[in-house]
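# Notes for the structure review
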Amino acid sequence: MSRIALITGASRGIGRAIALRLAKDGFDIWANYASGKEAAEALCREVEALGRKATAVGFNVRDGKAVKAALDPLIEQHGVPHVVVCNAGITRDGLLAMMSDEDWQSVIDTNLGGFFHITKTVMREMLRKRAGRIIAISSLSGEAGNAGQVNYAASKAGLIGASKALAKEVAKRNITVNVVAPGFIETDMVKDLPKEELAKMVPLQRFGKPEEVAAAVSFLASDEAAYITGAVLSVNGGMYM
Ligand code: NAP
């Protein structure tokens, strides 16, 4: 039976690139989306063209009950995914002094709460199977902080702490938990930023491509990465602020 990879936020951007890359690596794909049903279904057709199975799964990662309701029946029918990529994320940027409670809470609930709901839903079966790979998509903002992103940086730094703690909890059962921390990557998330100005701050002088993040995820998901856990792999063009 083929191994399955679940990717949250797979309808666009980095998640989409990760889904295609893991399909090329031989995984069947469960592609989560929130609002982009058609985009997720189009991605599934692309995965199928690569010869793998693909299922589009709609749920909001903020909503633990919805996550469980969507994933439990799939896990019961097909088994727990071998690879789980917690990629879904949002920004609600603004200076702290002006930040609304909603902008704080929605970012924490989506970016960090999503990790909690997803990993909790898959963990029992992963522990039973004594195998699995969890990969969280954090951010340079979570490693270094970024003005205007107190909410986002908190959620992304939280992902690093949560992943390191979970890595220690589940290592005895042969489950690894790692983090990929991208810098500026060309997706919808950064479409309103002044790209040319910001690219000058990056040692490699350009934004990264979603496929370059997907390559790091592919490595951490591979059998070659079996002895790596609790690690943070930065994919940021050398931009350590
Ligand atoms: P994006 O293009 O804005 O795509 C975001 C994806 O997340 C979409 O597929 C969206 O689904 C999904 N999503 C958002 N909220 C969700 C929710 N509540 N439940 C389920 N899915 C949800 O963003 P991206 O640039 O690809 O970012 C992907 C990840 O990389 C995020 O965690 C982001 O923080 C991180 N990251 C990005 C950059 C960058 O420069 N782009 C840098 C560092 C880290 P729908 O479209 O279906 O609603």
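Scroll up to find the structure.
Nothing here was measured: the structure is a model prediction, and the numbers come from that model.

Our next topic: the overall build of the protein chain. Regarding its fold elements, the protein chain presents 8 helices and 7 strands. In terms of its C-alpha atoms, the protein chain occupies a principal-axis envelope of roughly 50 × 35 × 35 Å. For the protein chain, with 241 residues in total, the buried portion stands at 49%. Looking at the protein chain alone, contacts between residues at least 24 apart form 72% of all its contacts between residues at least 6 apart. Roughly 11,800 Å² of accessible area belongs to the protein chain as shown, and the carbon and sulfur atoms make up 53% of that amount.

Lining the immediate environment of the ligand, one finds 32 residues, of which Ser35, Asn60, Asn87, Tyr152 and Thr187 sit closest. In this structure, a nitrogen atom belonging to the ligand sits 3.0 Å away from a main-chain N or O atom of Val61. Contacts to the ligand include Lys156, whose side-chain N or O atom sits 2.8 Å from an oxygen atom. Surface burial for the ligand is 94%, taken as the share of its 900 Å² of free accessible area covered by protein chains. Looking at the shell around the ligand, the elements with two or more residues in it are α1 (13-24), β2 (28-33) and α6 (150-170). Its residues assigned to classes, the shell around the ligand comprises 15 nonpolar, 14 polar and 3 charged.

Strand pairing within a sheet occurs via backbone hydrogen bonds; the two strands may be parallel or antiparallel. With parallel pairing, the 7 strands of this open sheet are ordered in space as β3-β2-β1-β4-β5-β6-β7. Across the chains shown, the open sheet's two edge strands, defined by having one partner strand only, are β3 (54-58) and β7 (232-235). Direction aside, neighbouring strands of the sheet carry axes that sit 20 degrees apart on average. In this fold helix α4 (residues 101-129) packs onto β1 (4-7), β4 (83-86), β5 (132-137) and β6 (175-182), with an angle of close to 170 degrees to the strand it touches most, β5. In this fold α6 packs onto β5, β6 and β7, with an angle of close to 160 degrees to the strand it touches most, β6.

With that settled, the discussion passes to helix α8 (residues 210-221). Over its 12 residues, α8 runs 16 Å from end to end, which matches the ideal 16 Å to within 8%, given 1.5 Å per residue. Its buried side turned inward, α8 meets α1, β4, β5, β6 and β7.

Before going further, it helps to spend a moment on the packing of α1 against helix α2 (residues 37-49). Relative to each other, α1 and α2 sit at 20 degrees, their axes nearing to 9 Å. When the axis of α1 is compared with that of α2, the two are roughly parallel. Pair α1 / α2 crosses with right-handed handedness. Seen from α1, the contacting residues are Arg16, Ala19, Leu20 and Ala23; seen from α2, they are Leu43, Glu46 and Val47. Here the contact of α1 with α2 is composed, by residue class, of 5 nonpolar, no polar and 2 charged.

Applying the stated criterion across every chain, the model contains 13 salt bridges. For Glu197, the salt bridge is made with Lys200, and the minimal N-O distance between the two is 3.3 Å.

The subject of this paragraph is the environment of Asn111. For Asn111, the location among the structural elements is in helix α4. Spatially, the C-alpha atom of Asn111 lies 6.7 Å from that of Ala88, the residues being 23 residues apart in sequence. Other than its neighbours up to four places away in sequence, Asn111 contacts Ala88, Gly89, Ile90, Tyr152, Ser155, Lys156 and Leu159. Looking at Asn111, its side chain comes within polar contact range of the main-chain nitrogen of Ile90, at 2.9 Å.

The next point concerns the packing of aromatic side chains. Considering all chains together, one arrives at 1 aromatic pair under this definition. Centroid distance Phe184 to Phe207: 4.9 Å. Interplanar angle 10 degrees. Geometry classified as stacked. On the criterion of sequence distance, the pair formed by Phe184 in the loop between β6 and α7 (195-199) and Phe207 in the loop between α7 and α8 is long-range, its members being 23 residues apart. On the accessibility criterion, Phe184 (22% relative accessible area) is partly exposed.

Moving on, we get to the environment of Ala131. Along the chain, Ala131 falls in the loop between α4 and β5. For Ala131 and Pro81, which are 50 residues apart along the polypeptide, the C-alpha to C-alpha distance reads 9.7 Å. Excluding residues that lie within four positions of it along the chain, Ala131 makes contacts with His82, Met126, Arg173, Asn174 and Ile175.

Quick look at the pairing of β4 now. The alternating pattern of β4 places Val83 and Val85 on one face and Val84 and Cys86 on the opposite face, and all of these are buried. With 4 bridges joining them, β4 and β5 adopt parallel strand pairing. The partner of Val85 across the bridge, within β5, is Ile135. Crossover β4 to β5 through α4 is right-handed.

So, how was this worked out
- Residues numbered from 1 in each chain as written.
- Predicted model: local features only at pLDDT ≥ 70, side-chain atom pairs only at ≥ 80, totals over all residues.
- Heavy atoms only, no water.
- Helix = DSSP H or I, 4+ residues; strand = E, 2+ residues; numbered from the N terminus.
- Buried < 20%, exposed > 50% of the residue type's maximum accessible area, 1.4 Å probe, protein only.
- Contact = heavy atoms within 4.5 Å.
- Areas by Shrake-Rupley, 256 points an atom, 1.4 Å probe, with all protein chains shown as cover.
- Near = heavy atom within 4 Å.
- Polar contact = N/O pair within 3.5 Å; in protein donor to acceptor, adjacent residues only side chain to side chain.
- Nonpolar A, V, L, I, M, F, W, Y, C, P; charged D, E, K, R; others polar.
- Pairing = 2+ DSSP bridges.
- Axes fitted to C-alpha atoms, helices over the stretch in contact; angles between N-to-C directions.
- Expected span 1.5 Å × (residues − 1).
- Parallel < 35°, antiparallel > 145°, perpendicular 65-115°, else oblique.
- Left-handed = near helix turned anticlockwise from the far one by under 90°.
- Salt bridge = Lys/Arg side-chain N within 4 Å of Asp/Glu carboxyl O.
- Phe/Tyr/Trp six-rings, centres within 6.5 Å; stacked < 30°, edge-to-face > 60°.
- Right-handed = clockwise from strand over helix to strand, strands pointing away.

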